[in-house]
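Listed here are the chains, written in short residue letters.
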Amino acid sequence: MILADLSPEAFSEATDYLASLDPDWARHIAATGPCLHQATPEREPYEALVRAIAYQQLHARAAEAILARLLALFPDVAFPEPSQLLATTPEAMRACGFSASKLATIHGIAQARMDGVIPDRQEALSLTDDALIERLVALRGVGRWTVEMLLIYCLERSDILPVDDFGVREGYRRLKGWDKAPTPAQLRSLGGAWSPYRTVAAWYLWRA
């Protein structure tokens, strides 16, 4: 089953549902206000993966600066094609700020798109969350978190809980006033009660 409804009506349903779970959720949602999650459905999965790799283990501003330098290499297109990335010298990519490891991952993503391993948007929309995760985590440097960001922001999936995300786990710790954040396994178990609205739950936990 593919759950991909991030409409304002779905946000309202999700918010009401989560607020009804317990007083902690209700208090946090009341303090935060309506869900303002914004997806980027115009992007192709290939582009979303490259962008996600740029953001891995970096502050958002640093990642945005790296991406801006990358895009400046290709002034005639909104985002470089896989063939353009593969034709760019490693020196030019490193000058943008990509580490050797991220550069190898991005080259692998570009090649995988050219080989058809990474689906285009139309095909991706027809694939389940688990099918996409299984297919894409086989790529070098692409972990489950990276694919989950693609599912949330590019494909607008509405029941994704990235349990490996530090911000989500720390958000739940603060929500509950715990001394220690839950482990990914613990959060996955806890998050079962938030389905089918786990994307909105993650948004609220990030806000915490």
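This one's a predicted model, so the numbers in the text were calculated from it and none came from an experiment. (Residues numbered from 1 in each chain as written. Predicted model: local features only at pLDDT ≥ 70, side-chain atom pairs only at ≥ 80, totals over all residues. Heavy atoms only, no water.)

**Student:** Mind showing me how you'd approach the packing of helix α3 (residues 45–55) against helix α7 (residues 100–114) here?
**Tutor:** Relative placement of two packed helices is described by the angle separating their axes and the distance separating the axes. Where α3 meets α7, the closest approach of the two axes is 10 Å, and the angle between their N-to-C directions is 175°. By the angle between their directions, the pair α3 and α7 is classed as roughly antiparallel. In this structure, α3 uses Tyr46, Leu49, Val50, Ile53, Ala54 and Tyr55 to contact α7, whose residues at the interface are Lys102, Thr105, Ile106, Ile109, Ala110 and Arg113. Of the residues contributing to the contact of α3 with α7, the split by class is nine nonpolar, one polar and two charged. (Axes fitted to C-alpha atoms, helices over the stretch in contact; angles between N-to-C directions. Helix = DSSP H or I, 4+ residues; strand = E, 2+ residues; numbered from the N terminus. Parallel < 35°, antiparallel > 145°, perpendicular 65-115°, else oblique. Contact = heavy atoms within 4.5 Å. Nonpolar A, V, L, I, M, F, W, Y, C, P; charged D, E, K, R; others polar.)

**Student:** Explanation requested: the UniProt feature "domain: HhH-GPD" (unreviewed entry) in the protein chain in the structure shown.
**Tutor:** When the UniProt feature table is mapped onto this chain, "domain: HhH-GPD" (unreviewed entry) is found at residues 54–208. Between the C-alpha atoms that bound residues 54–208 the distance is 24 Å, and the span itself is 62% helix and 0% strand. (UniProt positions renumbered as here; feature names shortened; annotations may be inferred.)

**Student:** Please explain unusual backbone geometry as it appears in this structure.
**Tutor:** Note on backbone geometry: most residues besides glycine have negative phi, and most peptide bonds are trans. The linkage connecting Ser195 with the following residue, Pro196, adopts the cis geometry, with an omega of 10°. The backbone phi angle of Glu156 is positive, close to 60°, even though this residue is not glycine. Mapping Glu156 onto the fold places it in the loop between α10 (144–154) and α11 (166–176).

**Student:** Looking at this model, I keep getting lost on helix α4 (residues 60–72). Mind explaining?
**Tutor:** Structurally, the α-helix is built with 3.6 residues per turn, so residues lying three or four positions apart point the same way. Look at α4: 18 Å from first C-alpha to last across 13 residues, which is about the 18 Å you get at 1.5 Å a residue. Those residues of α4 that sit buried are Ala63, Ile66, Leu67 and Leu70. Projected down its long axis, α4 shows its buried positions confined to an angular sector of 95°, all on one face. Along α4, exposed side chains directed more than 90 degrees from the buried face belong to Arg61 and Ala72. Residues of α4 that are buried make contact with α3, α5 (82–87) and α6 (90–96). (Expected span 1.5 Å × (residues − 1). Buried < 20%, exposed > 50% of the residue type's maximum accessible area, 1.4 Å probe, protein only. Arc of directions from axis to C-beta.)

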